[in-house]
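# Analysis of the macromolecular model
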Number of protein chains: 2
Amino acid sequence: MSSYDTHALHKIMHPKSIAFWGASNNSMAMGSVQLSNLLLMNFEGPVYPIHPKHQMIQGLQAYSRVSEVPGPVDLAVLVLPTHVVPEVLEDCGKFGIDRAIIVSAGFGEQDGAHGKELQQQIVDIANKYSIRFVGPNCIGVVNPSHRLNTTFFPYEATPGFIGMASQSGSFITQMFVHLAKFGLGYSEGFSLGNEAMTDLTDCIEYLAESPETRVIALYIEGIRRGRDFVRVASRVSRKKPIVAFYIGGSESGGRAGMSHTGAMAGPDALYDGIFKQSGIIRARSIEELFDFCYVLGSQPLPKGDNVAILTHSGGPGAAAADAAERGGLKLASFSSETLTKLQALVPGTASVKNPVDLTFSKNYSDYMASMPEILLSDSNVDSLFIYCLMPHQRVIQAVVGAGIGKDQAGSFANQYITTQSAIASQFAAKFGKPVVGGTYCDRSELFVRELQDNGMPVLASPERAVTAMGALAKYAEWRRNHEAD
Amino acid sequence: MSSYDTHALHKIMHPKSIAFWGASNNSMAMGSVQLSNLLLMNFEGPVYPIHPKHQMIQGLQAYSRVSEVPGPVDLAVLVLPTHVVPEVLEDCGKFGIDRAIIVSAGFGEQDGAHGKELQQQIVDIANKYSIRFVGPNCIGVVNPSHRLNTTFFPYEATPGFIGMASQSGSFITQMFVHLAKFGLGYSEGFSLGNEAMTDLTDCIEYLAESPETRVIALYIEGIRRGRDFVRVASRVSRKKPIVAFYIGGSESGGRAGMSHTGAMAGPDALYDGIFKQSGIIRARSIEELFDFCYVLGSQPLPKGDNVAILTHSGGPGAAAADAAERGGLKLASFSSETLTKLQALVPGTASVKNPVDLTFSKNYSDYMASMPEILLSDSNVDSLFIYCLMPHQRVIQAVVGAGIGKDQAGSFANQYITTQSAIASQFAAKFGKPVVGGTYCDRSELFVRELQDNGMPVLASPERAVTAMGALAKYAEWRRNHEAD
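Everything numeric in this text was worked out from a predicted model, so none of it was measured. (Residues numbered from 1 in each chain as written. Chains lettered and ligands numbered in written order. Predicted model: local features only at pLDDT ≥ 70, side-chain atom pairs only at ≥ 80, totals over all residues. Heavy atoms only, no water.)

## What to know about the overall build of chain A
- Along chain A, the regular secondary structure elements total 19 helices and 20 strands.
- Taken against the 2.2 N^0.38 rule, which gives 23 Å for 485 residues, the C-alpha radius of gyration of chain A at 25 Å falls within 12% of a compact globule.
- Seen through its C-alpha atoms, chain A measures out along the principal axes to roughly 80 × 55 × 45 Å.
- Per-residue burial over chain A gives 62% buried out of 485 residues.
- Long-range pairs, those at least 24 residues apart, make up 73% of the contacts in chain A between residues at least 6 apart in sequence.
- Of the roughly 17200 Å² of accessible surface on chain A, 51% is carried by carbon and sulfur atoms. (Helix = DSSP H or I, 4+ residues; strand = E, 2+ residues; numbered from the N terminus. Rg over C-alpha atoms; globule rule 2.2 N^0.38 Å. Buried < 20%, exposed > 50% of the residue type's maximum accessible area, 1.4 Å probe, protein only. Contact = heavy atoms within 4.5 Å. Areas by Shrake-Rupley, 256 points an atom, 1.4 Å probe, with all protein chains shown as cover.)

## Here we look at the domain arrangement of chain A
Residues and elements named next belong to chain A.
- Segmenting chain A into domains produces domain 1 (10–295) and domain 2 (301–481).
- For domain 1 and domain 2, the distance between their C-alpha centroids amounts to 38 Å.
- For the pairing of domain 1 and domain 2, the buried interface totals around 1500 Å² over both sides, and the portion due to carbon and sulfur atoms is 65%.
- Ranking the residues of domain 1 by area buried against domain 2 places Phe182, Tyr294 and Val295 at the top, with a combined share of 36%.
- Along the contact surface separating domain 1 from domain 2 lie two salt bridges.
- Linking domain 1 with domain 2 are six residue pairs in polar contact (both at pLDDT 80 or more).
- Going through the elements one at a time, α10 (268–278) and α11 (286–296) are the ones with two or more residues in the side of domain 1 that touches domain 2.
- A total of six residues in the side of domain 1 that touches domain 2 trace back to one element, the largest contributor, which is α11. (Domains from an automatic or database assignment. Buried area = accessible area lost by both parts, 1.4 Å probe. Salt bridge = Lys/Arg side-chain N within 4 Å of Asp/Glu carboxyl O. Polar contact = N/O pair within 3.5 Å; in protein donor to acceptor, adjacent residues only side chain to side chain.)

## A look at the packing of aromatic side chains
- Counted by the stated rule, this structure contains 32 aromatic pairs over all chains.
- Relative to Phe153 of chain A, the ring of Phe152 of chain A lies with its centre 5.6 Å away and its plane at 40 degrees, an arrangement referred to as tilted.
- Here the aromatic rings of Tyr246 of chain A and Tyr271 of chain A are separated by 3.8 Å at their centres, their planes lie at 5 degrees, and the arrangement is stacked. Of this pair, Tyr246 of chain A sits in strand β13 (residues 242–246) while Tyr271 of chain A sits in helix α10, and the two are 25 residues apart along the sequence.
- By relative accessible area, Tyr246 of chain A is classed as buried at 1%.
- With a relative accessible area of 3%, Tyr271 of chain A lands in the buried category.
- A network of ring pairs unites the aromatic residues Phe171, Tyr219 and Phe245 of chain A together with Tyr387 and Tyr440 of chain B as a single cluster.
- A cation sits over an aromatic face here: Arg394 of chain A above Phe153 of chain B, 4.9 Å from the ring centre. (Phe/Tyr/Trp six-rings, centres within 6.5 Å; stacked < 30°, edge-to-face > 60°. Lys NZ or Arg CZ within 6 Å of the ring centre and 35° of its normal.)

## Overview of the side chain of Ser191 of chain B
All names here are of chain B.
- Inspection of the secondary structure assignment puts Ser191 in strand β11 (residues 186–191).
- For Ser191, a relative accessible area of 1% translates into the label buried.
- Within polar-contact distance, the side chain of Ser191 engages the backbone nitrogen of Ile139 at 2.8 Å.
- Each residue touching Ser191, except ones within four places of it in the same chain, is listed here: Val134, Cys138, Ile139, Gly140, Ser166, Gly169 and Ile172.

## As for α11 of chain A
- Extensive coverage of α11 of chain A is indicated by the burial of ten of its eleven residues.
- Of all the positions in α11 of chain A, only Ile286, Glu287, Leu289, Phe290, Asp291, Phe292, Cys293, Tyr294, Val295 and Leu296 of chain A are classed as buried.

## Section: the side chain of Asn37 of chain A
Residues and elements named next belong to chain A.
- Within the secondary structure layout, Asn37 lies in helix α2 (residues 30–40).
- According to the relative accessible area criterion, Asn37 is buried, its value standing at 3%.
- Beyond its immediate stretch of four places on either side in the chain, Asn37 contacts Asn149, Thr151, Phe152, Phe153 and Pro154.

## Here's the deal with the pattern of salt bridges
- Scanning all chains against the criterion turns up 54 salt bridges over all chains.
- A salt bridge links Asp202 of chain A to Arg132 of chain A; the shortest N-O distance between them is 3.3 Å. Here Asp202 of chain A, found in helix α7 (residues 200–209), pairs with Arg132 of chain A, found in strand β7 (residues 132–134); they are 70 residues apart in sequence, far enough to count as distant. In terms of burial, Asp202 of chain A and Arg132 of chain A fall into one category: buried.
- Among the salt bridges present, the one from Lys276 of chain B reaches Asp272 of chain B, with a minimum N-O distance of 3.7 Å. Here Asp272 of chain B and Lys276 of chain B lie together in helix α10 (residues 268–278), a separation of four residues that amounts to about one turn.
- The class of Lys276 of chain B is exposed, set by a relative accessible area of 60%.
- A relative accessible area of 22% means that Asp272 of chain B is categorised as partly exposed.
- Overlapping salt bridges bring together Asp268, Asp272, Lys276, Arg282 and Arg284 of chain A together with Asp322 and Arg326 of chain B as one network.

## A word on the relation of the copies chain A and chain B
- By a simple turn and slide, chain A fits onto chain B: the slide is 0.0 Å along the axis, the RMSD is 0.0 Å, and the turn is 180 degrees. The relationship between the two copies is best expressed as a two-fold rotation axis.
- An overlap of 100% is found between the interface residues of chain A and their copies at the interface of chain B, pointing to a shared contact surface. (Least-squares fit on C-alpha atoms with pLDDT ≥ 70 in both.)

## A word on the sheet that holds strand β9 (residues 148–149) of chain A
All names here are of chain A.
- Taken together, seven strands build an open sheet; the order of strands is β9-β8-β11-β10-β12-β13-β14 and the sheet is mixed. One side of each edge strand has no neighbouring strand; the edge strands of this open sheet are β9 and β14 (281–283).
- Of the pairings in the sheet, the one linking strand β8 (residues 141–143) to β9 comprises two bridges and is antiparallel in character. Within β9, the residue paired with Asn143 across the bridge is Leu148.
- Running over the sheet, α10 touches β12 (215–220), β13 and β14 and is turned about 175 degrees from β13. (Pairing = 2+ DSSP bridges. Axes fitted to C-alpha atoms, helices over the stretch in contact; angles between N-to-C directions.)

## Things to note about the packing of helix α14 (residues 364–377) of chain B against helix α16 (residues 406–425) of chain B
Residues and elements named next belong to chain B.
- Relative orientation of the contacting elements α14 and α16 amounts to 20 degrees, with a least axis distance of 9 Å. When the interaxial angle is binned, α14 and α16 end up roughly parallel. α16 is crossed by α14, and the crossing has left-handed handedness. Residues Tyr364, Ser365, Met368 and Ala369 of α14 form the contact with α16, whose own contacting residues are Tyr416, Gln420, Ile423 and Ala424.
- Of the residues assigned to the contact of α14 with α16, the class counts are six nonpolar, two polar and no charged. (Parallel < 35°, antiparallel > 145°, perpendicular 65-115°, else oblique. Left-handed = near helix turned anticlockwise from the far one by under 90°. Nonpolar A, V, L, I, M, F, W, Y, C, P; charged D, E, K, R; others polar.)

## Focus: the packing of helix α8 (residues 226–236) of chain B against α10 of chain B
Residues and elements named next belong to chain B.
- One way to put it is that α8 packs onto α10 with a least axis distance of 8 Å and a crossing angle of 35 degrees. Mapping the contact onto sequence places Phe229, Val230, Ala233 and Ser234 in α8 and Ile274, Phe275, Gln277 and Ser278 in α10.
- Looking at the contact of α8 with α10 residue by residue, the classes come out as five nonpolar, three polar and no charged.

## Some words on the environment of Leu179 of chain A
Residue and element names in this part refer to chain A.
- Tracing the backbone through its elements, the reader meets Leu179 in helix α6 (residues 176–180).
- Owing to a relative accessible area of 0%, Leu179 belongs among the buried residues under this scheme.
- C-alpha of Leu179 to C-alpha of Met56: the two residues are 123 residues apart in sequence and 35 Å apart in space.
- Leave out the neighbours within four places in its chain, and Leu179 touches Ile162, Leu184, Gly185, Tyr186 and Phe290.

## Some words on the interface of chain A and chain B
- Contacts between the two partners involve 69 residues from chain A, matched on the other side by 69 residues from chain B.
- Roughly 5100 Å² of surface becomes buried between chain A and chain B when both sides are summed, with 57% attributable to carbon and sulfur atoms.
- At the junction of chain A with chain B, the criterion picks out six salt bridges.
- One salt bridge connects Lys353 of chain B with Asp111 of chain A, and the closest N-O pair in it is separated by 3.9 Å.
- Across the chain A-chain B interface, the total number found is 18 residue pairs in polar contact (both at pLDDT 80 or more).

## Overview of the pairing of strand β6 (residues 99–102) of chain B
Residue and element names in this part refer to chain B.
- What you see with β6 is no split at all: Arg99 and Ile101 on one side and Ala100 and Ile102 on the other are buried throughout.
- Where strand β5 (residues 75–78) meets β6, three bridges bridge the pair, whose relative direction is parallel. Directly across from Val77, in β6, lies its bridge partner Ile101.
- For the segment spanning β5, helix α3 (residues 85–94) and β6, crossover handedness is right-handed.
- Two elements, β6 and strand β7 (residues 132–134), share three bridges in a ladder whose sense is parallel. Within β7, the position partnered with Arg99 by the bridge is Arg132.
- Crossover connection from β6 via helix α4 (residues 113–128) to parallel β7: handedness right-handed. (Right-handed = clockwise from strand over helix to strand, strands pointing away.)

Written as structure tokens, this is what we have:
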């Protein structure tokens, strides 16, 4: 067994059976929605709804007490009124359940002493029975490859490579649709709530060992164990990138976080220092968090800061160049050999200086194959940005213009786009250098969809793509500086 | 006639007839694509392709010389090899055409003297015949309500309220798909290219009078007539907001711009000063440019910086609060009357402090109607942000849960969402305060589509929405400070 299988959180993410409190036949109740999403996910083990009255819930046999459940239970999920939680947790302990997710709110995040006392009470019960729980005041976890989703949104993304620990449940669940915009998904995702027993640091430790997790995303309103956090994070980020979005640094963000999960925020500069010391890359918005994860989780580390920008449109190329410098990158100066080779492929009005601008007179095959190959072969180039625009309709026009019948043009165009995308997507691995795309289109364009599904990150604008490449270069530099440690 | 109708650019945007050079029966040639987009747009006047050999082009009667055209021509569009342009422009002048768009490149943007001489030559010809042209090295103009689109992308957005002048053609054409993500569109859009006769300042002057244009967007690589620019912009921005994305301030951005349109960039701080002096709001990316235009062009000016944040999800609310402070806004402190009224509508675990967090136990009707009304009635609140999430599937579940048959649930849900959206969209006008939404979903959600189509701006994240509200508040402050001027 690896340290992953034996980690206390592993069983929460890989239960073989689940007992579920708080689902009923009222389909709008929070617990009912959560149970229905678990079933929608086709969770493979037995699920035992516990309910004082109902005998059947959502087609499942229900039980009035956990002691009546006919088999072992790996995980308890509690979506119950606050005051009932201690008693049920006690039942779980007596029955031998040692993992739980406590969704119920009304604990330490509340003003006044009562909620905090209640929270201490459930921690004491958990300790008495050696129960490890996530929450309270959370929305549970998601592990798509284990078909596990205890949250109240259906998991609509694909299984992915982003492992997330979040002090906001919404930034797990409401991101399913955001990640799907890029064909991305979670490997494993924790909503932590009040972190009474399981906090960000525990999750970083666990996700570091998670085999599907290639990058760790954090949403932070306040860190509870600063010293442990730095110790664990700075060890983990030596082998796996960590990206964090921290909102507590502004007074308004801090206050909002406080009433949300009771987390105590600190000054922005303090957190900046913690992140720098730990090798954590900081994002300034949720979009940026996932942009950075997309690139850091999918691309090789660049050897330096010199980026090549390839475009066929001046404005997007110039915007990418501007974002490169603001993001800490330099525009690479090409070797004379590179310039000569490029010159042969571009029209007279085009620019072979960086940004390389093929202009309208574009030959897509050069653009997505020969030119990236020339640029990546240049030792002055550490990474490559490609502006990605190949409207399906335009390719069909071209195919028709080349004499293919209209009935066949669609499938010819599809095949062409698919082939070009597959070629372009191989360059990062072939050259061991990051290759990132940016577009103002989205996955409704076949070209974008194919590139993304072939593993080339294509972000929602050139500026965002290049900014994420800057984050990757910063992380690579941190890794270089800490290799010997 | 207003100063709009008599402005020299008016006829370029409202031609009754067009002569078109450079389209052929080669459907992939740039000119052919541009002509086809004009025809796709159902331009209402006659279009005369001019071609030395073809007699029919894209189903239109073609003419070998402009002198053979049977009617008057309001606008010439030239998509020709560089060296032919002077001669054809001379022909236009002789034939009495006094407006032109010169798409051809190879002029002042080129290294060396030759291109610059050629550019001077066409300016001289234009002056000789009193021709006013846009370009060269541009991609033309778009005026959807006049069914005019001379660019090489089909205009797929709706007619909108953003008037744009851009030193990049791509940031006109390739934005059609970006604007469509929000149900937005251009009122009128200029690609300016090398600005030999028509520059940003001219367009600001013109767009100031354009009745459909509620906000002016600029993409700038370098300003050619600084003093005139400031004079015109600071006058115009007293009545219509102007938003600019300037990329020349970084060395890399400046270099890229130089080889793109020959525009000479200046230091970032200089341009910052120009923008501040002129009341122009500066954006840092293309997404931000259009985010700002979306809010500045659709919302009333707030009286102050105090924003109320309404959410049912803690994380998005906290992220909005954080972005508010970073964007120069303050979280409003509510009156005790407001707090009492809100208290009656939210569950015990929810927060009525700003951000107001209804939590999961949401009643959508309170959320989109009663609560905005309470918040906007508070004189401490200058503007309102609403986090927008109402999954269609979830509403259907609710309707089914309420006992409506599954066959009718879809249409009940549609009607509910449509009604709620209509109510929420009226608040900005009713209270004379900005009301802006933010979501991580997109227009594939009926709720988002309905809000946007009813006139409430819904941006692509809470952070982006609140950042745009900060830009609006900055502009409102500038207006207050310059009212007496």
